[in-house]
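Listed here are the chains, written in short residue letters.
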Amino acid sequence: MANYDLTNNEKKVLLALNELDTAELKDVVEISDLNADASMQAAFLLEEKGLCQVIESSFELYGLSCEGKQYAEAGLPERQIMDSIDGPTPLENLRELFSPQLVGIATGWLIKKKWAKIDDGILIPLGDASKGEDEKVLGGLYENSLENDTFDPVFELPEEVASKATVQDLLKRKLLEKDEYTTRKIVITKDGKALAAEGIFITEEIAQITPELLKSGDWEGKTYRPYKVQKPVKPLYGAKIHPYQRMIDEMRQIFLEMGFTEIKGNIVQSSFWNFDALFQPQDHPAREMQDTFHLGDRTPVPEEFVDKVRACHETGGNTGSTGWGGKWSADISEKNVLRTHTTSVTIKYLADNPKGPIKVFSIDRAYRRETIDPTHTPEFEQLEGIIMDEGMSFSNLLGCLKEFYHRMGFSEVRFRPGYFPYTEPSVEPEVYIEGMGWVELGGAGVFRKEVTEPFGITQPVLAWGLGVSRVAMLKLGLKDLRELYQSDIDWLRKSEVGNGL
Ligand SMILES: N[C@@H](Cc1ccccc1)C(=O)O
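Residues numbered from 1 in each chain as written. Predicted model: local features only at pLDDT ≥ 70, side-chain atom pairs only at ≥ 80, totals over all residues. Heavy atoms only, no water.

A. Spatial organisation of the site of the ligand. In the vicinity of the ligand there are 13 residues, among which His341, Thr343, Arg368, Gln382 and Tyr422 approach most closely. Arg368 places a polar side-chain atom, nitrogen or oxygen, 2.9 Å from an oxygen atom of the ligand. Tyr422 has a polar side-chain atom sitting 2.8 Å from a nitrogen atom of the ligand. Against a free-state accessible area of 330 Å², the protein chains account for coverage of 92% of the ligand. The cavity where the ligand resides is the largest pocket. Listing elements by their share of the shell around the ligand, those giving two or more residues are strand 14 (379-388), strand 18 (442-447) and strand 19 (461-467). Looking at the shell around the ligand element by element, the count peaks at 3 residues for strand 19. Counted by class, the shell around the ligand contains 5 nonpolar, 6 polar and 2 charged residues. (Near = heavy atom within 4 Å. Polar contact = N/O pair within 3.5 Å; in protein donor to acceptor, adjacent residues only side chain to side chain. Areas by Shrake-Rupley, 256 points an atom, 1.4 Å probe, with all protein chains shown as cover. 1 Å grid on protein atoms, 1.4 Å probe; cavity = no way out; pocket = protein on both sides within 12 Å on 5 of 7 lines; lining within 4 Å. Sits in = over half its atoms within 2 Å of the grid points. Helix = DSSP H or I, 4+ residues; strand = E, 2+ residues; numbered from the N terminus. Nonpolar A, V, L, I, M, F, W, Y, C, P; charged D, E, K, R; others polar.)

B. Quick look at the pairing of strand 13 (residues 358-367). For strand 13, a buried count of 8 out of 10 residues is recorded, marking the element as mostly surrounded by other parts of the structure. Direction of pairing for strand 9 (residues 261-262) relative to strand 13: parallel, over a ladder of 2 bridges. Bridge pairing links Glu262 to Phe361 in strand 13. As paired elements, strand 13 and strand 14 share 10 bridges and run antiparallel to each other. In the strand pairing of strand 14, Ser362 is matched with Glu384. (Buried < 20%, exposed > 50% of the residue type's maximum accessible area, 1.4 Å probe, protein only. Pairing = 2+ DSSP bridges.)

C. Fine view of the UniProt feature "binding site: Mg(2+)" (unreviewed entry) in the protein chain. The sites that UniProt annotates as "binding site: Mg(2+)" (unreviewed entry) are Glu424. In this fold, Glu424 is placed in strand 16 (residues 423-433). Once you skip the residues sitting within four places of it in the chain, Glu424 turns out to touch Val446 and Arg448. (UniProt positions renumbered as here; feature names shortened; annotations may be inferred. Contact = heavy atoms within 4.5 Å.)

Laid out in structure tokens, this is it:
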């Protein structure tokens, strides 16, 4: 005989079933001395072991709705009309006799039931209008309800009394009300019977050792319920930091370990720091309304720099460049925007600290007027950084970024030529992702003279601005950027801590 390893509750229910053959839950409850929930739970466990079968059946009970009751007393609208005429009658007359509403309801059914037809606004009876099943059902339910003194849906409508179609029609007409119930019957199986025949012994099992048991010595000689160590446990979701925040913290940590200092800047920047200081021409498409969140207020252009920046834009100033030409406008430059990149923060920092060596970074939010889709959100994070020191070169820049990506776990890194108005040369770093190929992750380059000269910077400046959410998406296996910002509780619960993040 198989070893079923039954709990005491299962044993009690099996013994009850053995007495009953086919049992309803209330009978099992009575015999097993367990409550309904525990009995049912044990029955389901026994069913899994093939010792019993739980048979569910659902049934429906009906009663008359308020309207149903009215029609049971007064007759269905179509019946009321048939009873009131003895030949072709204009609908007009009927509408006066009854309400237009009732005539409206009745005519549809008169035609459907073929009791009458309508010709040119005249209702013509067709002869046979014998009592239909629907009327019998209404009448029957009405009598039952009166007899039982309740109009609640407590009556059965067996198929021989009311066909499915009739019930459907009456429900659709809202003349019936329906309640659905499920009942369960529990039947012991052959295996269950055989097991019961072998004898089932219920021994008192101790599930939990208490101080009292230990103190009194009652624990001795007792049977203990064994632990099932292989049983899956309920998952526990502990509190933790948002996966995206963890990732940002990890990036921050890497730059700190590489000897950088973190800086912070304002979210609201003047166009001067966001664009002009970075030698972005005033007619640059990125500055248009559709790309940038423009704010209503202004910040005066900084006196000490404005002439030099103007000169760089208009003629190239002392840099040997020809500049962009045209007239540079301080008016445009004063207008505030939500920073479109964190480069506005680093250039301002450089203007305040024009002498190297400097190694700083900023990991923060930037804003662009993007149409929201799986790969674009109007708010996103950038990882901005600069190195300024004597003798720094383009290859130091590539080496530094490579090192960062390696530490993030991307072993293959490459750089494609890029273009930014403020750097020369410019590159776009890319990392290789299995299944996706090369993925572009931001921009970098060496600041141009037109950017550094107005601020009195003479040492080379290596600069980069890297996409953060893109990296997070790749590392967290997300297909939609928006998930990073939407806090889907299920995803947050299930996201693991300790997978390198
Ligand atoms: N600001 C650029 C990135 C960048 C920063 C610094 C130097 C070069 C490029 C961007 O937002 O895409």
